[in-house]
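Fold and geometry: a report
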Amino acid sequence: MDSGKLKIDWARQYMPVLTEISSRFKKEQPFAGKVIGMALHVEAKTANLVQTLRDGGATVHITGCNPLSTQDDVAKALSKESGVFCYAKRGCSVDEYYDAIDAVLDAQPVITIDDGMDLIHRLHTARQDVLPVVIGGCEETTTGIHRLRAMASEGKLKFPVIAVNDTPMKHYFDNVHGTGESVLTAIMATTNSLIAGKWIVVAGFGYCGRGLARKASALGAKVIVTEIDPRRALEAFMEGFHVMSMHDAAHIGDIFITTTGNRDVITGKHMALMKSGVILANAGHFNIEIDGKWLHDNAQSIEERDGIHSYHIGDKIIHLLAEGRLVNLAVPKGMGHPIEVMDLSFAVQALSAEYLARNYSKLESNVHDVPDEIDRAVASYKLASLNISIDLLSKDQEEYMESWDMGT
Ligand code: ADE
């Protein structure tokens, strides 16, 4: 049996929200006659999003959003689906990566779905020929949103984009629990290392960093947080984590994980201070947080095991996972976030794409929040699938919440 298809079907049984949306899309066909172009991590959960959009009438052209995150068996299974064209390949060169993005754009997509903004970047630079057909896009991740906001503030964004990343249903679950669990799972499965009792340094205390810090602590790690934002640093401190600079943490840490989305978070200066045997991993979108070039230029490297490059500097060894690319998807054993959280994130994606298809003419060329009704609908679908009912506001409570003259 086709292993990619088995993975896709396995994921589907734990994606009740997307399944519910697929059923409605099959009847309503919100994307009838439309081409959707995607650059996402091509793995089993993403394949379920692709099927949902296709069920809604779209023809979907998809490629990867990271040279190391594609699962080739899933890509192959997707290519066999009717109405789906997949160009992703694991381990592609940068040229092949952009050739595949161009193949998606050659299909003249009217809606784009990105994870990291490489598709939209290409559209606004080398492939402006496709801009006139695009009605809007959706963006999955923090890094992509940073890039989009920078573009919009320079007046360079040429169509509306929905910031899927920024909505509560993404932050609270995908970033906190998805990153928190999948990054530790990937590190453990790749290194077979114990977490309990280790000093784990988490760089960044945003939604991803805090999820990771809490989960590592729950496994018995001693967690150090590094932050540049004083409020977040204080939050981390009051959650019981050790807070210090990366310079100070460098001497202590056993495992270092970056979650900042920024460059040069762990540099040669820090690595020179580290103990022998440390493990470095990045959980951010691009491979810019850990200075891999410094390691490359200053040490002899061997690929010690699948997904681990070991750098020898004198008698010290530093292990870098997944070449500094996002570890939960880029190590060979990386499966990405757990299925149930991607069900929520991809439900928001599917409904945001539908919102664009129905409302694009009313939206300015800018970055837009996910409409609150969509965010709440995804939470309600999920609660219903869990057979959980919650209280509703009474009429009196509603009135009270809207009044200003009922005081002491
Ligand atoms: N699977 C598909 N997309 C993903 C993402 N952005 N993060 C983690 N796992 C994923």
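Once a new chain begins, its residue numbering starts again from 1 and follows that chain's sequence as written. Side-chain atom pairs in this predicted model are given and counted only at pLDDT of 80 or more, local residue features only at pLDDT of at least 70, and totals for whole chains, interfaces and linings cover all residues. Heavy atoms from the whole structure form the basis of all side-chain values; hydrogens and water molecules are not counted.

Relative accessibility decides the category of a residue: with a 1.4 Å probe and only protein chains considered, values under 20% of the type maximum give buried, values over 50% give exposed, and everything between is partly exposed. Helix and strand labels come from DSSP, where a helix needs a run of H or I of at least four residues and a strand needs a run of E of at least two; each type is numbered from the N terminus. The element strand β11 (residues 278-282) is largely enclosed, with a buried count of five among its five residues. Burial along β11 is two-sided: the residues Val278, Leu280 and Asn282 and Ile279 and Ala281 are all buried. In this sheet, β11 lies alongside strand β10 (residues 255-258) in parallel orientation, the contact comprising four bridges. Paired with Thr258 across the strands is Asn282, a residue of β11. Orienting the strands away from the viewer, one traces the path from the first strand over the helix to the second; a clockwise path indicates a right-handed crossover. Handedness of the β-α-β unit built from β10, helix α12 (residues 268-273) and β11 comes out right-handed. When DSSP finds at least two bridges between two strands, those strands are taken to pair. Alignment of β11 against strand β14 (residues 316-321), held across three bridges, turns out to be parallel. Counterpart to Ile279 in the pairing with β14 is His319.

With that out of the way, let us pick up the pattern of salt bridges. When a carboxyl oxygen of Asp or Glu is within 4 Å of a side-chain nitrogen of Lys or Arg, the pair counts as a salt bridge. Scanning the model with the defined rule gives 27 salt bridges in all. Residue Asp102 pairs with Arg122 through a salt bridge whose shortest N-O separation is 2.8 Å. Here Arg122 lies in helix α6 (residues 118-124) and Asp102 lies in helix α5 (residues 94-106), a separation of 20 residues in the sequence. The class of Asp102 is buried, set by a relative accessible area of 14%. The salt bridge partner of Asp102 is Arg127, with a shortest N-O separation of 3.6 Å. With Asp102 in helix α5 and Arg127 in the loop between α6 and β5 (136-139), this pair connects stretches of sequence that are 25 residues apart. Each of the two residues, Asp102 as well as Arg127, counts as buried.

Below, the discussion takes up the site of the ligand. With respect to spatial proximity, the complete set of residues near the ligand consists of His41, Glu43, Thr46, Asp115, Asn328, Leu329, Gly336, His337, Met342 and Phe346. Polar contacts here mean pairs of N or O atoms no more than 3.5 Å apart (in protein, one a potential hydrogen donor and the other a potential acceptor; neighbouring residues in sequence count only if both atoms are side-chain atoms). Contact distances for the ligand include 2.8 Å between a nitrogen atom and a side-chain N or O atom of Asp115. Contact distances for the ligand include 2.9 Å between a nitrogen atom and a backbone N or O atom of His337. Here, Shrake-Rupley sampling with a 1.4 Å probe gives the accessible areas, and only protein chains in the shown set may cover a residue. In isolation the ligand has 260 Å² of accessible area, and contact with the protein removes 95% of it. Consider each residue's heavy atoms; a residue with any of them within 4 Å of a molecule or strand counts as near.

Looking now at helix α3 (residues 44-55). Multiplying 1.5 Å by the residue count of a helix minus one yields the expected span of that helix. Its 12 residues give α3 an end-to-end C-alpha distance of 16 Å, which sits within 8% of 16 Å, the value for a rise of 1.5 Å per residue. Most of α3 sits inside the fold, with 12 of its 12 residues counted as buried. Capping the start of α3, Glu43 holds a side-chain oxygen 3.1 Å from the backbone nitrogen of Lys45, two or three residues further along. Gly57, located one to two residues past α3, shows a positive phi value of around 105 degrees.

On to unusual backbone geometry, then. Although it is not a glycine, Asn192 sits at a positive phi angle of roughly 60 degrees. The residue Asn192 is located in the loop between α8 (168-191) and β7 (199-203) in this model. According to the relative accessible area criterion, Asn192 is exposed, its value standing at 65%. Even without glycine at this site, Asp264 takes up a positive phi of about 55 degrees. With respect to the helices, strands and loops of the structure, Asp264 is situated in the loop between β10 and α12.

Purely spatial values, then, with no claim about function.
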